[in-house]
Amino acid sequence: MKYLLILGSVFALPTFAAGGGDLDASDYTGVSFWLVTAALLASTVFFFIERDRVAAKWKTSLTVSGLVTGIAFWHYLYMRGVWVETVNHQQYSDTSTGY
């Protein structure tokens, strides 16, 4: 049952990611940006929440990890936006160069 749920989630992921309106379910690059962005945000929150539950010698490591994943989250948001704009612009452009 567990594997069936995981398999169903893998197949439903592109449709769920495209539900926001700016991604197409067949755009696997855009969906991967969405998935990595969600994972980076979740890991950032996890590192900062768990920071208070570890021994003192690990607090700095979790803080740095949270900062690194937070900055990566922000960059992936930007890259996903550029990808969506580029793909949408190329789809509706009359030339292959996009001008």
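Calculation notes
Residues numbered from 1 in each chain as written. Predicted model: local features only at pLDDT ≥ 70, side-chain atom pairs only at ≥ 80, totals over all residues. Heavy atoms only, no water. Helix = DSSP H or I, 4+ residues; strand = E, 2+ residues; numbered from the N terminus. Buried < 20%, exposed > 50% of the residue type's maximum accessible area, 1.4 Å probe, protein only. Areas by Shrake-Rupley, 256 points an atom, 1.4 Å probe, with all protein chains shown as cover. Patch = residues over 30% accessible without salt bridge, like charges linked within 9 Å, V, L, I, M, F, W, Y side chains within 5 Å. Salt bridge = Lys/Arg side-chain N within 4 Å of Asp/Glu carboxyl O. Expected span 1.5 Å × (residues − 1). pLDDT = per-residue confidence, 0-100. Polar contact = N/O pair within 3.5 Å; in protein donor to acceptor, adjacent residues only side chain to side chain. Contact = heavy atoms within 4.5 Å.

1. So, the overall build of the protein chain
Reasoning step 1: Scanning the protein chain from N- to C-terminus turns up 3 helices and 0 strands.
Reasoning step 2: What you see in the protein chain, going N to C, is helices and strands ordered as α-α-α.
Reasoning step 3: The buried share among the 99 residues of the protein chain stands at 21%.
Reasoning step 4: Within the structure as shown, the protein chain displays about 7,500 Å² of accessible surface, and the carbon and sulfur contribution to it stands at 68%.

2. Considering a nonpolar patch on the surface
Reasoning step 1: Nonpolar side chains collect at one region of the surface, where Leu 41, Val 45 and Ile 49 lie side by side and expose about 250 Å² of accessible area between them.
Reasoning step 2: Of note, Leu 41 is situated in helix H2 (residues 28-50).

3. Comments concerning H2
An α-helix turns once every 3.6 residues. As a result, residues three or four positions apart point the same way.
Reasoning step 1: For H2, with 23 residues, the first-to-last C-alpha span of 32 Å sits near the 33 Å given by 1.5 Å per residue.
Reasoning step 2: Within the span of H2, buried status applies to Gly 30, Val 31, Phe 33, Thr 37, Leu 40, Thr 44 and Phe 47.

4. Brief notes about the environment of Ala 72
Reasoning step 1: Here Ala 72 shows up in helix H3 (residues 56-91).
Reasoning step 2: Judged by relative accessible area, Ala 72 falls into the partly exposed class, the value being 23%.
Reasoning step 3: Along the backbone, Ala 72 and Leu 40 are 32 residues apart, and their C-alpha atoms lie at a distance of 7.1 Å.

5. Some thoughts on the confidence of the model for the protein chain
Reasoning step 1: Scored by pLDDT, the protein chain has a mean of 76; 64% of the residues are at 70 or more.
Reasoning step 2: Taken element by element, the predicted model of the protein chain shows its lowest mean pLDDT in helix H1 (residues 2-17) (50) and its highest in H2 (89).

6. Examining the pattern of salt bridges
Once their charged atoms are close, side chains differing in charge can pair, the charge on each being opposite to the other.
Reasoning step 1: Enumeration over the complete set of coordinates arrives at 2 salt bridges.
Reasoning step 2: The salt bridge involving Arg 53 is made with Glu 50; its shortest N-O contact spans 3.5 Å.
Reasoning step 3: For Arg 53, a relative accessible area of 63% corresponds to the exposed category.

7. Some points on the side chain of Thr 69
Reasoning step 1: In this fold, Thr 69 is placed in helix H3.
Reasoning step 2: One polar contact links Thr 69 to Thr 44, side chain to side chain, over a distance of 2.8 Å.
Reasoning step 3: Once residues lying within four places of it in the same chain are set aside, the contact partners of Thr 69 are Leu 40, Ser 43, Thr 44 and Phe 47.

8. Side note on the environment of Arg 51
Reasoning step 1: Considering the arrangement of structural elements, one finds Arg 51 in the loop between H2 and H3.
Reasoning step 2: Overall, Arg 51 belongs to the partly exposed group, its relative accessible area being 29%.
Reasoning step 3: In the structure, Arg 51 is positioned 12 residues away from Thr 63 in sequence and 6.9 Å away in space, judged by C-alpha atoms.
Reasoning step 4: In this structure, Arg 51 is in contact with Lys 59, Leu 62 and Thr 63, ignoring residues within four places of it in sequence.

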